[in-house]
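One-letter residues, chain by chain:
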Amino acid sequence: MTTSDRDASTLRGTEILGPSSDANLLPEEVRILWDFVHGDIMDGTTRRLLLANRGMCTRHAWAYATVEIELWHDGAGARGGHQPFDVSVLYTALLDDVRSALHGRPKAMRRHLASDGICVVCVDLKGPAPTGIIVTHAGMDLAELTVEANRMAYIAEWFTETAPLWSRVVCARCAGDHGEAAPEASIRCRRHLLAGAPPEPTEFAALASYLGRLQRELSRLTASMTQSGAPATPAVDASWVETLGWFHGWAFPLTLSSPLE
């Protein structure tokens, strides 16, 4: 990866992923996220940072799901691969942490939803660039992995397959930014909850109930991706999309699931 590539990558933290060269994942992003999928995310310090920051930044949260789904070919469960196992484990923990504080004064609850730190991937991207031959896990070629990840074929299938469910709750502001009508059951995502008008206590109560449902379904999704877990229902399959949509906004699934012009 050249210096100019690394400089460009640090500027992409707020860009929406999508099937275009302007927003594609860079090799160094894929390398870092592929390392996470192979266990780096289980490091204690990394986990604490992820909990404090409410995951990664918007770009790298969706990128993490993309890398895992596109590149992890084999696995347990009915799908046997191309599924968000690590993502589901991480966000079940994040949901548990967030829900624990959604009973109190609105200002304190809103502060609890805010990020407290910076994205662990963005930090790595700002560090020294790797030199020499870059070997990924299992000796896989990073350039080939990057091309495969940027196809976004399997994650697009997930979005399209589960859209009838998650499209019912898409944040109204996210839908409006994408030029779409808001669904009747719209739920403000975390980003717009923090940036918009102060919520009423009733909104937090409804949110706590919604996130509780997501946490239960996300746990079932994790179990469905193991040898002994029960097969996932459509609502369970949609739970990881809803969860990341609530935490990080809906621009990516709305973009990737839109019909081509």
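Everything discussed here concerns the structure shown above.
No experiment lies behind these values; they were computed from the predicted model shown. Here the residue numbering is sequential within each chain, running from 1 through the sequence in written order. In view of the model being predicted, local features appear only for residues whose pLDDT reaches at least 70, and side-chain atom pairs are presented and counted only at 80 or more, with totals across whole chains, interfaces and linings using the full set of residues. The side-chain numbers reported here are obtained from all heavy atoms of the structure, hydrogens and water having been left aside.

K.L.:
I'd like a rundown of the overall build of the chain, residues and numbers included.
P.N.:
The helix count covers DSSP runs of H or I at least four residues long, the strand count covers runs of E at least two residues long, and both are numbered beginning at the N terminus. Regarding its fold elements, the chain presents 14 helices and zero strands. Mapped in sequence order, the helices and strands of the chain form the string α-α-α-α-α-α-α-α-α-α-α-α-α-α. By the burial criterion, 47% of the 261 residues in the chain qualify as buried. The contacts in the chain between residues at least 6 apart in sequence include a share of 73% that link residues at least 24 apart. Here the Shrake-Rupley method, with its probe set to 1.4 Å, supplies the accessible areas, and only the displayed protein chains count as covering residues. As displayed, the chain has an accessible area near 12300 Å², and 55% of this comes from carbon and sulfur atoms. Buried means the residue's accessible area, taken with a 1.4 Å probe over protein chains only, is under 20% of the maximum for its type, while exposed means over 50%, and partly exposed covers the values in between. Whether two residues are in contact is decided by their heavy atoms: any pair within 4.5 Å suffices.

K.L.:
Give a detailed account of the pattern of salt bridges, specifying residues and quantitative values.
P.N.:
Any Lys or Arg side-chain nitrogen located within 4 Å of an Asp or Glu carboxyl oxygen qualifies as a salt bridge. The final tally for this structure, using the stated rule, is seven salt bridges. One salt bridge in this structure joins glutamate 29 and arginine 59, with 2.9 Å as the shortest N-O distance. Taken as a pair, glutamate 29 in helix 2 (residues 27-37) and arginine 59 in helix 4 (residues 58-71) lie far apart in primary sequence, 30 residues in all. Between arginine 213 and glutamate 217 there is a salt bridge; the shortest N-O distance is 2.7 Å. Note that arginine 213 and glutamate 217 are positioned in helix 12 (residues 201-224) at a spacing of four residues, about one turn of the helix. Several salt bridges share partner residues, and in doing so they unite Glu28, Arg31 and Asp35 into one network.

K.L.:
A description of unusual backbone geometry should follow, citing residues and the corresponding values.
P.N.:
Positive phi, close to 55°, is recorded for arginine 54, a residue that is not glycine. On the secondary structure map, arginine 54 appears in the loop between helix 3 (44-52) and helix 4. Owing to a relative accessible area of 4%, arginine 54 belongs among the buried residues under this scheme. The backbone of methionine 152 shows a phi angle near 55°, a positive value even though the residue is not glycine.

K.L.:
I'd like a description of helix 5 (residues 85-99), backed by residues and values.
P.N.:
Here helix 5 spans 21 Å end to end across 15 residues, near enough to the 21 Å set by a 1.5 Å rise per residue. Within helix 5 the residues assigned to the buried category are Asp86, Val87, Ser88, Leu90, Tyr91, Thr92, Leu94, Leu95 and Val98. Buried residues belonging to helix 5 abut helix 2, helix 3, helix 4, helix 6 (106-113), helix 12 and helix 13 (234-248). The span one expects for a helix is its residue count, reduced by one, times 1.5 Å.

K.L.:
Just give me the short version of the environment of glutamate 203, but keep the residues and values in it.
P.N.:
Here glutamate 203 lies in helix 12. Taking the relative accessible area as the measure of exposure, glutamate 203 reaches 25% and is therefore partly exposed.

K.L.:
Can you explain the packing of aromatic side chains? Please cite residues and give values.
P.N.:
Pairs were defined over the aromatic rings of Phe, Tyr and Trp, the Trp ring being its six-membered one, requiring ring centres within 6.5 Å. Orientation was assigned from the angle between planes: stacked under 30 degrees, edge-to-face over 60, tilted for the rest. This model, assessed by the stated rule, comprises twelve aromatic pairs. Each ring, one from tryptophan 34 and one from tryptophan 72, has its centre 5.9 Å from the other, and the planes form 65°; the classification is edge-to-face. Placement of the pair is tryptophan 34 in helix 2 and tryptophan 72 in the loop between helix 4 and helix 5, with a sequence separation of 38 residues. In this structure tryptophan 34 comes out as buried when scored by relative accessible area, which is 2%. Through a chain of ring-to-ring contacts, the aromatic side chains of Trp62, Trp158, Phe159, Trp166, Trp240, Trp250 and Phe252 assemble into a single cluster.

K.L.:
Could you give me a rundown of the side chain of aspartate 86, with the residues and numbers involved?
P.N.:
Within the secondary structure layout, aspartate 86 lies in helix 5. Buried within the structure, aspartate 86 lacks any salt-bridge partner; its nearest side chain of opposite charge belongs to arginine 47, at an N-O separation of 7.3 Å. Not counting residues up to four positions away in its chain, the partners in contact with aspartate 86 are Phe36, Val37, Ile41, Tyr64 and Glu68. In this count, Lys and Arg are taken as positive residues and Asp and Glu as negative ones, while His and the chain termini are left out.

K.L.:
Please set out the packing of helix 4 against helix 8 (residues 142-151) residue by residue, giving values where relevant.
P.N.:
Remark: helix 4 packs on helix 8, axes separated minimally by 9 Å, with the N-to-C direction vectors making an angle of 105°. On the basis of the axis angle, helix 4 is roughly perpendicular to helix 8. Contacts from Thr66, Glu70 and Leu71 in helix 4 reach Leu145, Glu148 and Ala149 in helix 8. Ten residues, namely Ala, Val, Leu, Ile, Met, Phe, Trp, Tyr, Cys and Pro, are considered nonpolar, four, namely Asp, Glu, Lys and Arg, are considered charged, and the remaining ones, Gly among them, are considered polar. Looking at the contact of helix 4 with helix 8, its residues break down into three nonpolar, one polar and two charged. Between the N-to-C directions of two axes lies an angle of 0 to 180 degrees, each axis being a line fitted to C-alpha atoms and, for a helix, fitted only over the stretch in contact. To sort the angles, those under 35 degrees are grouped as roughly parallel, those over 145 as roughly antiparallel, those from 65 to 115 as roughly perpendicular, and the leftovers as oblique.

K.L.:
An account of the state of the cysteines is needed here, citing residue identities and associated values.
P.N.:
Our working definition of a disulfide is a cysteine sulfur pair at a distance within 2.5 Å. Following the criterion strictly, the structure yields zero disulfides and no others. Between cysteine 57, a free cysteine, and cysteine 119, which holds the nearest cysteine sulfur, the sulfur-to-sulfur gap is 3.8 Å.

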